[in-house]
Amino acid sequence: MSSEQAPYGGAETGANVSEGMIRCDDLVKIYKTGDIEVVALRGLDLVVGAGEMMAIIGNSGSGKSTLLNIIGGLDKPTAGRITVAGRNLLKFDDKDLIDYRRKTVGFVWQNNARNLIPYLSALDNVEVPMSIAGISKKRERARELLDIVGLGHRMHSKTTELSGGEQQRVAIAIAIANQPKLLLADEPTGNVDTKAANIVFQVFREINRTLGVTIVVVTHDRRIARAVDRYIAIRDGRTSSEFVRRTSYTDEFAEITITTPDEESHVELAVIDRAGRLQLPKEYLEQIGLSGKDKCRVEVEGNRIVILKPDE
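The model shown is predicted, which means the values in this text are computed figures rather than measured ones. (Residues numbered from 1 in each chain as written. Predicted model: local features only at pLDDT ≥ 70, side-chain atom pairs only at ≥ 80, totals over all residues. Heavy atoms only, no water.)

1. Re the overall build of the protein
Then, in step 1: Each helix and strand in the protein was counted, giving seven helices and 13 strands.
Then, in step 2: Burial analysis of the protein (312 residues in total) assigns 46% to the buried set.
Then, in step 3: Taking contacts inside the protein between residues at least 6 apart in sequence as the whole, the part at least 24 apart equals 66%.
Then, in step 4: Summed over all atoms, the accessible surface of the protein reaches about 15800 Å², with 48% contributed by carbon and sulfur. (Helix = DSSP H or I, 4+ residues; strand = E, 2+ residues; numbered from the N terminus. Buried < 20%, exposed > 50% of the residue type's maximum accessible area, 1.4 Å probe, protein only. Contact = heavy atoms within 4.5 Å. Areas by Shrake-Rupley, 256 points an atom, 1.4 Å probe, with all protein chains shown as cover.)

If you want it as structure tokens, here you go:
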């Protein structure tokens, strides 16, 4: 890696995956509309290591997009604490937030209208954030980035002439143009077919592997589990489960696609929050005849905690 690429993903500070690039502690987010309050996050905790590529999964309304907006500096929590690259986002003023969104974090959105300027070529689109940031040699840099995402041959094409998957790859090049330490992707494959989705994720993995950029992907699609080492499930505004790959994707790089989900590829770990609350998978409760509103007995047997129906 050249000295020009050193700022990527904490490489210049020697950060590693065990150190937290993102730390969320007891995050709460409440939206108010008139007399109505909607609680989007309910004491959520999360740690993402520097240089990690991971996913956040949840159904619509689970709080995953709210969390992404808070990490990206586009929204602020009602309560709790969040640090990114060792900096407390809650202490940022408007100037700090602009600088953070320009230099520390990059965004890839599902809706290409938020990523691209349609009347410009792919090359010109990638140059835009560098022009705003005052980066020199932006034309040379833009060419390099389009080569990285596999679109060097389409650099002079207008984005309206590109397929959905190609547009997303241009969006990724734009997102890393200013050498951010963190890349946030919100449903990046939501508008493309399976073949294009696999290519997009190959690009994410290559950027993560070669440039060390920390990547967080938010999605509702559990097939994403085949593309990352670790993913977090969010339910009702809290972290409910963590899934950890049995074998690192770097060890089976050529085999992994999002088209072949493997239930045995990851180990599921339930998450206990600081108040001792535990969200059990719905299917587990159904197997023993309980629902989310039932009472249960909890007993300790040796080194195990056992959940029983009240009449057992």
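2. Structural notes on the pattern of salt bridges
Then, in step 1: This model, assessed by the stated rule, comprises twelve salt bridges.
Then, in step 2: The partner of Lys-103 in a salt bridge is Asp-99, with the nearest N and O atoms 3.2 Å apart. Taken as a pair, Lys-103 and Asp-99 lie in helix H2 (residues 94–103) at a separation of four residues, close to a single helical turn.
Then, in step 3: Exposure remark for Lys-103: the relative accessible area of 47% places this residue in the partly exposed category.
Then, in step 4: Taking the shortest distance from any N to any O, the salt bridge between Arg-139 and Asp-124 comes out at 3.3 Å. Note that Arg-139 is positioned in helix H4 (residues 138–148) and Asp-124 in helix H3 (residues 122–133), a separation of 15 residues in sequence.
Then, in step 5: Since its relative accessible area comes to 36%, Arg-139 is described here as partly exposed.
Then, in step 6: On the basis of relative accessible area, Asp-124 is assigned to the partly exposed category, the value being 27%. (Salt bridge = Lys/Arg side-chain N within 4 Å of Asp/Glu carboxyl O.)

3. Considerations on the sheet that holds strand E5 (residues 87–88)
Then, in step 1: Strand order in the open sheet formed by four strands is E2-E1-E4-E5, and the pairing between neighbours is antiparallel. The open sheet has two edge strands, strand E2 (36–49) and E5, and neither has a second partner.
Then, in step 2: Where strand E1 (residues 20–33) and E2 come together, eleven bridges link them in antiparallel fashion. Across the sheet, Cys-24 pairs through a bridge with Leu-46, a residue of E2.
Then, in step 3: Sheet contacts for helix H1 (residues 64–71): E1, E2 and strand E4 (79–84); angle to E1, the most-contacted strand, approximately 115 degrees. (Pairing = 2+ DSSP bridges. Axes fitted to C-alpha atoms, helices over the stretch in contact; angles between N-to-C directions.)

4. Thoughts on the pairing of strand E6 (residues 105–109)
Then, in step 1: Of all the five residues making up E6, five are buried; the element is thus mostly covered by neighbouring parts of the structure.
Then, in step 2: Along E6, one buried face is formed by Val-105, Phe-107 and Trp-109 and the opposite face, lined by Gly-106 and Val-108, is buried too.
Then, in step 3: Relative to strand E7 (residues 182–186), E6 runs parallel, the two sharing five bridges. For Trp-109, the partnering residue across the bridge sits in E7 and is Asp-186.

5. Focus: unusual backbone geometry
Then, in step 1: The phi dihedral of Asp-26 is positive, around 55 degrees, even though this residue is not glycine.
Then, in step 2: You can see Asp-26 is positioned in strand E1.

6. Observations regarding the nonpolar core
Then, in step 1: Counting 40 residues, the largest nonpolar core has Val-126, Leu-146, Val-170, Ile-172, Leu-183 and Phe-204 as its most contacted members.
Then, in step 2: When contributions to this core are tallied by element, the ones reaching two or more residues are strand E3 (53–57), H3, H4, helix H5 (164–175), E7, helix H6 (194–211), strand E8 (214–219) and strand E9 (230–235).
Then, in step 3: Residue contacts for Leu-183: discarding those within four places in its chain leaves Gly-106, Phe-107, Val-108, Ala-175, Ile-176, Phe-204, Val-213, Thr-214, Ile-215 and Val-216.
Then, in step 4: Grouped together as the second largest cluster of nonpolar side chains are 30 residues, Leu-44, Ile-56, Ile-71 and Ile-232 included. (Core = buried A, V, L, I, M, F, W, Y, C linked by side-chain atoms within 4.5 Å.)

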